[in-house]
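Now for the letters of each chain:
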Amino acid sequence: MHNTSMDCIFCKIIARKIPSDIVYEDDDVLAILDIAPINPGHTLVIPKRHVRDLLDVSPEAAAKVISVAQRIAPALLKVTGAPAFNCSINNGPASGQVVMHLHVHVIPRHPSDGLISWVHGKYEPGESAALAQRIVAAMAVMPKV
Ligand code: 5GP
Ligand code: ZN
């Protein structure tokens, strides 16, 4: 039996209390079509155990989810005719995460479909190097996952 959360929509989908279009399932992972796709074929790869996000999942469970995304992506490209795809995880509401149960988005992309364009910024001289040093220092005192 997997850890579930009573008010989690993905736990309800995993438990078949809510219907979904399933494209893959094994003991640990379920993959379904997103109900509101960015492009047709937009798939969500979901660990069956309820975990919040990438900081709440074991490396082993995360690896299983990613390996399923790796298997599904070529099929999505074949079926949709898309030449490319985005693979993304939102972590926390400020990132756009709405469903608080970890999921990997696999989104077929077409040339010039105009979706998901990032606005890139710019560092002041030395700012990037200093920031990198602070990140390295922060990681040095954090427990390994
Ligand atoms: P998030 O913004 O949390 O990264 O992504 C949540 C995704 O779940 C959204 O793309 C949304 O369309 C999808 N979603 C929300 N509710 C349902 C549902 O009941 N069924 C399916 N198949 N997808 C859902
Ligand atoms: Zn859940």
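Since we're looking at a predicted model, the values are computed, not measured.

A. Summary view of helix H2 (residues 59-80). Look at H2: 31 Å from first C-alpha to last across 22 residues, which is about the 32 Å you get at 1.5 Å a residue. For H2, the principal kink sits at Ile72 and spans about 25°; a proline, Pro74, occurs within the next four residues. For H2, every residue scored as buried is listed here: Ala62, Val65, Val68, Ala69, Ile72, Ala73 and Leu76. Buried-residue contacts for H2 involve strand E1 (22-25), strand E2 (29-33), strand E3 (43-47), strand E4 (84-88) and strand E5 (104-109). Following H2 by one or two positions, Gly81 adopts a phi angle in the positive range, close to 80°.

B. Expanded view of unusual backbone geometry. Phi at Arg16 is positive, roughly 65°, even though this residue is not glycine. Position of Arg16 among the secondary structure elements: in the loop between helix H1 (9-14) and E1. Judged by its relative accessible area of 47%, Arg16 falls in the partly exposed class. The phi dihedral of Ser112 falls on the positive side, at around 60°, and the residue is not glycine. Inspection of the secondary structure assignment puts Ser112 in the loop between E5 and helix H3 (127-140).

Cut-offs and rules
- Residues numbered from 1 in each chain as written.
- Chains lettered and ligands numbered in written order.
- Predicted model: local features only at pLDDT ≥ 70, side-chain atom pairs only at ≥ 80, totals over all residues.
- Heavy atoms only, no water.
- Helix = DSSP H or I, 4+ residues; strand = E, 2+ residues; numbered from the N terminus.
- Expected span 1.5 Å × (residues − 1).
- Bend = angle between axes of the 7 residues up to and from the residue.
- Buried < 20%, exposed > 50% of the residue type's maximum accessible area, 1.4 Å probe, protein only.
- Contact = heavy atoms within 4.5 Å.

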